[in-house]
Amino acid sequence: MPPSPGRSGGSQPGRRNRRRRRRLRTVDETSAGGLVIDGDHGLAAIIGRLDRRGRLLWSLPKGHIEPGETPEQTAVREVAEETGIIGRVVTAIGTIDYWFVAGNRRIHKTVHHFLLDAVGGELSDEDVEVTEVAWVPLGELDEVLAYADERRLVRRALSLRDRGERDGDADGLAGGERLGARPTRGSGTEQT
């Protein structure tokens, strides 16, 4: 009598067929964007994108750093492209990094975020990567933003901005305090 292939159908009893894991190429990507605020009206411009399930997720505008650009230049460009709002960088508010898989690549993404003052433009969702754009009251951002890491950055930036305004600093940062780009670990959720 020939040996039994086992329950898993393999040639050796008790040994499971292991699914071959495809080897994914790891890629590092760096982006920049930020929180753009209309201080006169207490609003922030944010973007909405559809996820794979068709849900609209609200986030801060951001995108890839182009060759020759600084992260600050990218933040200004991406905010303008994705929201229609022209911003001026006030300070760095933090860095988020996370991992996700797209196609045959495992991507490690690092996103540098900045606080920007809105200095012009009109809200527009003409960017093909953006489903919707909106001005949201600063006090509602914590409820609206989809990603916990972005909510933490926004809370920190607004806290320091508010403290600076109470202390009379023109940039809204207390005593010339600058918000450093402290690393914040990502939640693993895909963002662009």
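As the structure is a prediction and not an experimental result, all values here were calculated from the model. (Residues numbered from 1 in each chain as written. Predicted model: local features only at pLDDT ≥ 70, side-chain atom pairs only at ≥ 80, totals over all residues. Heavy atoms only, no water.)

## Topic: the pattern of salt bridges
Any two side chains of opposite charge can pair, on the condition that their charged atoms come close.
At step 1: A complete count under the given rule lists 12 salt bridges for this structure.
At step 2: One salt bridge in this structure joins Arg-49 and Glu-129, with 3.8 Å as the shortest N-O distance. One end of the pair, Arg-49, is in strand β2 (residues 43-50); the other, Glu-129, is in the loop between β6 (105-121) and β7 (132-137), with 80 residues separating them in the sequence.
At step 3: One salt bridge in this structure joins Arg-77 and Glu-69, with 2.6 Å as the shortest N-O distance.
At step 4: Taken together, the shared-partner salt bridges in this structure form one network comprising Glu-69, Arg-77, Glu-78 and Glu-81. (Salt bridge = Lys/Arg side-chain N within 4 Å of Asp/Glu carboxyl O. Helix = DSSP H or I, 4+ residues; strand = E, 2+ residues; numbered from the N terminus.)

## A short note on helix α1 (residues 71-83)
At step 1: Relative to the 18 Å expected for 13 residues at 1.5 Å per residue, α1 spans 18 Å between its end C-alpha atoms, a close match to the ideal helical length.
At step 2: Of all the residues in α1, the buried ones are Thr-74, Ala-75, Arg-77, Glu-78, Val-79, Glu-82 and Thr-83.
At step 3: In this fold, the buried residues of α1 make contact with β1 (25-38), β2, β4 (62-64), β5 (85-102), β6 and β7.
At step 4: In the stretch just after α1, Gly-84 is the one whose phi turns positive, near 85°. (Expected span 1.5 Å × (residues − 1). Buried < 20%, exposed > 50% of the residue type's maximum accessible area, 1.4 Å probe, protein only. Contact = heavy atoms within 4.5 Å.)

## Some points on the side chain of Asp-38
At step 1: Mapped onto the fold, Asp-38 is located in strand β1.
At step 2: On the accessibility criterion, Asp-38 (17% relative accessible area) is buried.
At step 3: A polar contact of 3.2 Å, which involves the side chain of Asp-38, links it to the backbone nitrogen of Asp-40.
At step 4: A distance of 2.9 Å separates the side chain of Asp-38 from the side chain of His-41, its partner in a polar contact.
At step 5: Here Asp-38 is in contact with Leu-43, Ala-118 and Trp-135, once residues within four sequence places are set aside. (Polar contact = N/O pair within 3.5 Å; in protein donor to acceptor, adjacent residues only side chain to side chain.)

## Re the packing of aromatic side chains
At step 1: Counting across every chain of the model gives 1 aromatic pair.
At step 2: If you follow Arg-106 out to its NZ or CZ, it ends over the ring of Trp-99, 4.1 Å from the centre. (Phe/Tyr/Trp six-rings, centres within 6.5 Å; stacked < 30°, edge-to-face > 60°. Lys NZ or Arg CZ within 6 Å of the ring centre and 35° of its normal.)

## Quick look at the nonpolar core
At step 1: With 23 residues, the main nonpolar core has Leu-35, Ile-46, Leu-141, Val-154 and Leu-158 as its most contacted residues.
At step 2: The set of elements that each furnish at least two residues to this core consists of β1, β2, β5, β6, β7 and α3 (148-166).
At step 3: Among the elements that line this core, the one with the most residues is β5, at 5 residues.
At step 4: Non-local contacts of Leu-141, meaning those with residues more than four positions away in its chain, are made with Leu-35, Ala-44, Ile-46, Val-136, Arg-151, Val-154 and Leu-158.
At step 5: If you look at the next biggest cluster of nonpolar residues, it comprises 9 residues, including Val-36, Ala-45, Ala-75 and Leu-116. (Core = buried A, V, L, I, M, F, W, Y, C linked by side-chain atoms within 4.5 Å.)

These figures come from the coordinates and say nothing about function on their own.
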